[in-house]
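Each chain is listed here by its residues.
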Amino acid sequence: MRGRTRSVVTSIVAGALVGGVNLVPPVLESWAPAPADAASDQLTADLDEIVGDPSIDGGQAAVVVQDAATGDTLYEHDPGQRLMPASNEKLLTSAVALDVLGPEHTFTTTVATTARRAGPVLRGELYLRGGGDPTMLAEDYADLAAQVAASGVKVVTGDVVADDTRFGDVRLGNDWAWDDEPYYYAAPVSALTVAPNTDYDAGTVIVDVTPGTQPGEAAEVTVTPPTDAVTVVNEATTAADGAGSGISVEREHGTNVVTVTGSIDVGDTSRDWVSVPEPADYAADVFVRALRAHGVRVIGETSRGATPEQARVLAEHESMPLSELMIPFMKLSNNGHAEVLIKEMGRVVADEGTWDAGLEILRDELATGYGVDTSVMSNRDGSGLSRRNLIPPAVIATVLRVARDRSWFDAWYEALPIAGESDRMVGGTLRSRMAGTAAAGNVHAKTGTLTGASALSGYVTDADGRELIFSIMFNDFLGGKTSDLEDRIAVRLAEHSAEESATHRTVDVPAVDLPDDIECSWAKAC
């Protein structure tokens, strides 16, 4: 199969020479043949065995391994094959965002008005303008409310107007599955939103279910933060210890109704994240509640609209810089962060906060800044949730290699999940994988999982101290998962040495109980 790939490359080169012009795509130029020695031959044989595992018979596999310093190829298996990258798409989005926006880029949320003041009375509207910040918490809206109260305002006669016009009004990716809509990993994207905790899953609420004191009693349901942006229908009951059926929390498609069903054991707890259909209305509701708590009465309603240019600012909140946002974004594989960055790039560069504008900028930067031939790939969103994203692992490897020379690389490298590190904000989606192996604390890589698609791409230092780049993609497999194969490859690379004898090496990795068909962070399982 490696021969087939090399034949394709040879054909491209030959075709270019016939035309008298070098048309080799930039992403292919670095594919130098691996050195011929016993250790590299054995590495090839061992990786071929892993890639040829019967569990992916009938599916597709594509792998690239390169020397990070030289770009020399140590191993390849269909490196130009276009496959669904799943959340490996975030490697492209995050790198380009750091280039285009800069590591110090922040998002600003403001409260402004054009209304006249009559003592403590503001005679008109109060505008809550979103700047795209996906990390806004209820306490941040409380701080904005405190600033308004500190300015002397006690009464607002008009509406609180939610302004989310920084981004376009398309909330969901065009290719996202409709049945993903209620789940927090597919939450609507808005320039004005709320995150319920410091995982920063913007546009969602946390639904906690606790049992009553006796079997048969209704369970208690609480929503964090408190909001009327969702309507909870509680049908859950309390069960005797060991008799509970489990709790289901579902938002009905196209509505804000969250129905809680099932039964929960005495002494047990249940927690779920649910998306909110209108994030701007959600933010306005949380803000009005905060104003009330700070002694500011709003006589009007909440509405939607744009902040007038001449409005004066009463309060503002600035987010953490992008370099810090990379930690929750990449460690926890946060889809919403990726889509915000796509729209923000569109807004900053083209004055159009849309997916179309942002994705065009992404592709332009990949071509000009990374030497990627974008004609060999398809980008449909920033997170990888779309099944119409198609990326060859050779492109991922190119981005990983070029990124090493960027000024922001060290922060980005540390933001990648680290194998076997138990702290969620260190190990991230790899914290339960490869523990106790040569890859633990060594592999820095991005995971990716969709039904029938899995990927792992990043960096590993081999036994000789040489940094390697790898990109692994499996698609179209039925049932189960291929993360164990990805881990075996990563561990084998961590153990690789130019001095090793040419003997077969069996790679064992600890078994890990993780979801089969979604990123483990989406189920809060890692």
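Residues numbered from 1 in each chain as written. Predicted model: local features only at pLDDT ≥ 70, side-chain atom pairs only at ≥ 80, totals over all residues. Heavy atoms only, no water.

**Side note on the packing of helix H3 (residues 89-100) against helix H7 (residues 335-350)**
The contact between H3 and H7 brings their axes to 10 Å, and the two run at 35°. In this structure, H3 crosses over H7, and the sense of that crossing is left-handed. Along its contact with H3, which presents Lys90, Thr93, Val96, Ala97 and Val100, the element H7 presents Asn335, Ala338, Leu341, Ile342, Met345 and Val349. Partitioned by chemical class, the residues of the contact of H3 with H7 number eight nonpolar, two polar and one charged. (Axes fitted to C-alpha atoms, helices over the stretch in contact; angles between N-to-C directions. Helix = DSSP H or I, 4+ residues; strand = E, 2+ residues; numbered from the N terminus. Left-handed = near helix turned anticlockwise from the far one by under 90°. Contact = heavy atoms within 4.5 Å. Nonpolar A, V, L, I, M, F, W, Y, C, P; charged D, E, K, R; others polar.)

**Some details on the sheet that holds strand E18 (residues 312-318)**
With mixed pairing, the five strands of this open sheet are ordered in space as E17-E8-E6-E3-E18. Each having just a single partner strand, strand E17 (302-304) and E18 make up the two edges of the open sheet. The sheet shows a mean angle of 20° between the axes of neighbouring strands, direction not considered. Across three bridges, the pairing between strand E3 (residues 108-113) and strand E6 (residues 126-129) is antiparallel. Residue Ala112 lies in a different strand from E6, and its bridge partner there is Tyr127. With respect to the sheet, helix H4 (residues 138-150) is in contact with E3, E6 and E18, its orientation differing from that of E18 by roughly 150°. (Pairing = 2+ DSSP bridges.)

**Let's talk about the nonpolar core**
Grouped together as the largest cluster of nonpolar side chains are 61 residues, with contacts concentrated most on Met326, Leu366, Tyr370, Trp412 and Tyr459. If we ignore the near neighbours within four places in the chain, the residues touching Leu366 are Leu92, Val96, Gly371, Val372, Thr374, Met377 and Val399. In this structure, Val111, Ala162, Val207 and Val230 belong to the second largest nonpolar core, which totals 45 residues. (Core = buried A, V, L, I, M, F, W, Y, C linked by side-chain atoms within 4.5 Å. Buried < 20%, exposed > 50% of the residue type's maximum accessible area, 1.4 Å probe, protein only.)

**A few points about unusual backbone geometry**
The amide bond that connects Thr224 to the next residue, Pro225, takes the cis arrangement and shows omega of -10°. Within the element layout of this structure, Pro225 appears in the loop between strand E10 (220-224) and strand E11 (231-234). Phi is positive for Asp351, close to 60°, though the residue is something other than glycine. Residue position: Asp351 is located in the loop between H7 and helix H8 (355-370). Of note in this structure, Asp476 is not a glycine but carries a positive phi near 65°. Here Asp476 lies in the loop between strand E21 (467-475) and helix H12 (483-495). A relative accessible area of 39% places Asp476 in the partly exposed class.

**Some remarks on the pattern of salt bridges**
Per the counting criterion, the structure on display carries 22 salt bridges. For Asp175, the salt bridge goes to Arg380, with nearest N and O atoms at 2.6 Å. You can see Asp175 sitting in the loop between strand E8 (160-163) and strand E9 (204-210) and its partner Arg380 sitting in the loop between H8 and helix H9 (393-403), a full 205 residues away along the chain. The exposure class assigned to Asp175 is partly exposed, which follows from its relative accessible area of 21%. One salt bridge in this structure joins Glu181 and Arg251, with 3.2 Å as the shortest N-O distance. Within this pair, whereas Glu181 is found in the loop between E8 and E9, its partner Arg251 is found in strand E13 (residues 246-251), the two being separated by 70 residues in sequence. For the pair shown, Glu181 and Arg251 are each scored as buried. A single network of salt bridges, built from pairs that share partners, joins Asp164, Arg171, Glu278, Asp281 and Arg304. (Salt bridge = Lys/Arg side-chain N within 4 Å of Asp/Glu carboxyl O.)

**Points about the packing of H3 against H9**
Relative to each other, H3 and H9 sit at 35°, their axes nearing to 10 Å. Of the two elements, H3 crosses H9, and the hand of that crossing is left-handed. The residues of H9 that touch H3, namely those facing Leu91, Leu92 and Ala95, are Ile396, Val399 and Leu400.

**Digging into empty space enclosed by the protein**
Applying the stated criterion to the full structure yields two cavities of 30 Å³ or more. Taken as a whole, the largest cavity holds about 220 Å³ of empty space. Forming the boundary of the largest cavity are 21 residues, of which Tyr184, Asp201, Asn334, Asn335 and Gly336 lie nearest the centre. With three residues, the top contributor of residues to the lining of the largest cavity is H7. Considered class by class, the residues forming the lining of the largest cavity number nine nonpolar, eight polar and four charged. (1 Å grid on protein atoms, 1.4 Å probe; cavity = no way out; pocket = protein on both sides within 12 Å on 5 of 7 lines; lining within 4 Å. Points joined across faces, edges and corners; volume = space filled by probe spheres on them.)

By themselves these figures say nothing about function.
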